[in-house]
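This is what each chain is made of:
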Amino acid sequence: GRSVDLSEDAAYNESVASNLRMYTAWFKEADADRDGRVGGKEAASFLQKSYLPRNVLGQIWTLSDTQQNGSLTFSQFCRALVLISKIQHGQIRISELSQQRDVDHDDDEADLAMPPPL
């Protein structure tokens, strides 16, 4: 399998652009404490609405929290939503999630990040 850098993916950018209003509204909804970031607990409670298994949401969290700081910026939140949407629409298999990492992450420690606390 090939690694996909979503930030360079035209389909990713198009998906964010076409859903920007909805993603912005969802970000505001998920950012319960209004600090401009979606923390682990906030993300967990919001992303569970996708009905994806917790372990899958944990993988999506790891792939989206690229700075490994336990919270998502708006662009990282959009990345998570795009990954969820692609899984829900059968565009990526859950088994392919590990290949969705950014190409510039060479360290293996990115795979060891904890899923969001529930």
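Up top you'll find the structure we're talking about.
Cut-off values and rules
Residues numbered from 1 in each chain as written. Predicted model: local features only at pLDDT ≥ 70, side-chain atom pairs only at ≥ 80, totals over all residues. Heavy atoms only, no water. Phe/Tyr/Trp six-rings, centres within 6.5 Å; stacked < 30°, edge-to-face > 60°. Helix = DSSP H or I, 4+ residues; strand = E, 2+ residues; numbered from the N terminus. Buried < 20%, exposed > 50% of the residue type's maximum accessible area, 1.4 Å probe, protein only.

**What to know about the packing of aromatic side chains**
- For the structure on display, the rule yields 5 aromatic pairs.
- With a centroid separation of 6.2 Å and an interplanar angle of 55°, the aromatic rings of Trp 26 and Phe 46 are classed as tilted. Placement of Trp 26 in helix α2 (residues 20-30) and of Phe 46 in helix α3 (residues 40-47) is noted, with a sequence separation of 20 residues between them.
- On the accessibility criterion, Trp 26 (30% relative accessible area) is partly exposed.
- With a relative accessible area of 9%, Phe 46 lands in the buried category.
- Measuring from ring centre to ring centre gives 5.4 Å for Phe 27 and Phe 74, while their planes differ by 85°; the resulting arrangement is edge-to-face. Placement of the pair is Phe 27 in helix α2 and Phe 74 in helix α5 (residues 74-88), with a sequence separation of 47 residues.
- Overall, the relative accessible area of 9% leaves Phe 27 in the buried class.
- Of the aromatic side chains, those joined through ring pairs into one cluster are Tyr 23, Trp 26, Phe 27, Phe 46, Phe 74 and Phe 77.

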